[in-house]
Each structure stands twice: as C-alpha cells, then as structure tokens.
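Topology and contacts: notes
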Amino acid sequence: MPLLAEFPPGGLEGRSVSLTLFERSDITASYMGWLNDKQIVKFSNQRFIDHTLSSCQSYYESFLGSDNLFLKVSDKNDGKFIGTVTCFYAAPHLTVDVGILIGDKMRWGQGFGTDIWLTVIDWLSQQTCVRKITAGALDQNLAMVNLFKKAGMELEAVKEKQEYFEGEARDLLFFRLFT
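So, here is what we can say about the structure in this document. In every chain, residue numbers begin from 1 and rise along the written sequence. Local features in this predicted model are restricted to residues whose pLDDT is 70 or higher, and side-chain atom pairs enter the listing and the counts only when it is 80 or higher, whereas totals over whole chains, interfaces and linings include all residues. Only hydrogens and water are removed before side-chain values are computed, so all heavy atoms of the structure are retained for them.

Examining the sheet that holds strand β2 (residues 17-21)
In any sheet, the strands associate via hydrogen bonds between backbone groups, in a parallel or an antiparallel arrangement. The rule for pairing is simple: two strands pair if DSSP sees at least two bridges between them. Put simply, DSSP H or I for four residues or longer makes a helix, DSSP E for two residues or longer makes a strand, and each gets a number counted from the N terminus. The eight strands lie next to each other as β1-β2-β3-β4-β5-β6-β8-β7, forming an open sheet whose pairing is mixed. Both edges of this open sheet fall to β1 (12-13) and β7 (154-165), since each of them pairs with a single strand only. With seven bridges connecting them, strand β6 (residues 132-138) and strand β8 (residues 168-178) associate as antiparallel partners. Bridge pairing links alanine 137 to leucine 173 in β8.

Written as structure tokens, this is what we have:
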C-alpha cells in the first residue's frame, strides 16, 4: 500500500502543529524566502541552490503521482504556515526517509521541531507499509541529532568527512528506527 494512500484526509495533529498535504498554492514568496535564507538552510544542501518559483514548482510536482509525501506544517494556534516535512518512501523495501524544515524562525526553540518530528514518526510507526524509518544530519546539526535520539532512533551509520561545512570536512550521521 503506498504511503500516500495511508495519509489521513484531514492530516495529522500534534500538540501544537497540524500537518497536511503541501499544495501548489503553498509555494509563496515567504516559502521561497525560507529556502533562500542561508540561516534557515544552514545545515542543508539547499544552501547551494537559488530557489525560484520554477524550481519550487518542479520540486512540488516531483511528489505528484509518487509514493512520497510532501507535507505543510501549520501552527495550530494561529494557522500560520511554519514549515515542511518530506517522507521519501521506498515501497519495495518498506522504508521511509524523513526530513523537516522549520522556515519560520520565530518558532525556533519553542518545541515545534520536537512536536513535528514525534507526530510524523508516531504516525509512520503505525503504518503496516513501513518497517524502517531513517533520517540523516550533518554532525554539526545538534538540534536534529538530539531530535532523532529523543524519538528513539539509533545511530546506524557515519559517513566520515562526507560534506564540507564552513570550510571543514564534516561527518554525515544516519539514524534509524525499526517499527
């Protein structure tokens, strides 16, 4: 069963966030601004790309008709669009690789990342079409590494000195959770 077919029509609800399917209308100037803000994408390879309306539309379209999920994250209190979640699903292997972005810097450090991550991981863990959840982060991205650990994920692999970050070769850390 494709992951998209399992996604609830009304989305997912965390303590402070709502997660719904990302729509073309969510490609706004604000969203593109997040992707072009070097502080927001500091630890992501998105920092090397100049995002345009066309590139964002192409990315969105890459999810259409696929088994992957592209989710919009909104603050439940005010309904504001604050971030995104991607779930790249490999159906033959029953695995999913997850990533999040909190684009609204005013929401940083307030527990939104934890709520988003735990909401997604909990839902994925309940899906019979998922046996393993994975995620990765640069070793310097301590917020994500701590989030993985908080969700009960275990370090699975290290690609030593895999990517340059601020002029220094750094490790990429890969985490896993068997459901």
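Looking at the packing of helix α4 (residues 112-125) against helix α5 (residues 142-150)
Where α4 meets α5, the axes come as close as 10 Å, and the angle between the chain directions of the two elements is 45 degrees. Taken together, α4 and α5 sit at an angle that is classed as oblique. For the pair α4 and α5, the crossing hand works out as right-handed. Of α5, the residues touching α4 (which contributes Gly113, Thr114, Trp117 and Leu118) are Met144, Leu147, Phe148 and Lys150. In this classification, the charged set is Asp, Glu, Lys and Arg, the nonpolar set is Ala, Val, Leu, Ile, Met, Phe, Trp, Tyr, Cys and Pro, and all remaining amino acids, among them Gly, are polar. In terms of residue class, the contact of α4 with α5 is made up of five nonpolar, two polar and one charged. Every axis corresponds to a line fitted to the C-alpha atoms, with the helix fit spanning only the stretch in contact, and the corresponding angles, defined between N-to-C directions, vary from 0 to 180 degrees. When describing relative orientation, an angle under 35 degrees is termed roughly parallel and one over 145 degrees roughly antiparallel, while 65 to 115 degrees is termed roughly perpendicular and anything else oblique. Each crossing gets its handedness from the near helix: less than a right angle anticlockwise from the far helix is left-handed, clockwise is right-handed. Whether two residues touch is decided by their heavy atoms; if any such pair falls within 4.5 Å, the residues are in contact.

Structural notes on unusual backbone geometry
Leave glycine aside and you will find that most residues have negative phi; peptide bonds, for their part, are mostly trans. Look at leucine 94: it is not a glycine, yet its phi comes out positive at around 60 degrees. With phi around 45 degrees, lysine 161 is a residue other than glycine that occupies positive phi space. Within the secondary structure layout, lysine 161 lies in strand β7.

A short note on the side chain of threonine 134
Note on placement: threonine 134 falls in strand β6. For threonine 134, the residues in contact, after removing those within four places along its chain, are Val96, Asp97, Val98, Met153, Glu156, Phe175 and Arg176.

Focus: the pattern of salt bridges
Between side chains of opposite charge, pairing is possible as soon as their charged atoms come close. Counted as salt bridges are all cases of a side-chain nitrogen of Lys or Arg within 4 Å of a carboxyl oxygen of Asp or Glu. For the structure shown, the criterion picks out 14 salt bridges. Notably, a salt bridge pairs lysine 105 with aspartate 37, separated by 2.9 Å at the nearest N-O pair. Highlighted residues: lysine 105 in the loop between β5 (95-102) and α4 and aspartate 37 in the loop between α2 (29-36) and α3 (53-63), separated in sequence by 68 residues. Accessibility expressed as a relative area gives 33% for lysine 105, which makes it partly exposed. When the shortest N-O distance is used, the salt bridge between arginine 107 and aspartate 104 registers 3.0 Å. Taken individually, arginine 107 and aspartate 104 each receive the classification buried, so the pair is uniform in this respect. Each of the salt bridges in this network shares a partner with another, and the network as a whole consists of Asp75, Asp78, Lys80, Asp104 and Arg107. Burial classes: relative accessible area under 20% of the type maximum marks a residue as buried, over 50% as exposed, and values in between as partly exposed (1.4 Å probe, protein chains only).

A short note on the layout of surface pockets
Here the largest pocket is characterised by a volume of approximately 1500 Å³. Using a 1 Å grid laid over the protein atoms alone, points where a 1.4 Å probe fits but cannot get out form a cavity; open sets with protein on both sides within 12 Å along at least 5 of 7 lines form a pocket; any residue with an atom within 4 Å of a point counts as lining. Residue lining of the largest pocket: 48 residues in total, with Ser44, Ile100, Leu101, Asn141 and Met144 positioned closest to the centre. Elements represented by at least two residues in the lining of the largest pocket include exactly α2, α3, β4 (81-90), β5, α4, β6, α5 and β8. Split into classes, the residues belonging to the lining of the largest pocket amount to 27 nonpolar, 17 polar and four charged. Grid points are joined across faces, edges and corners, and a volume is the space filled by probe spheres set on the points.

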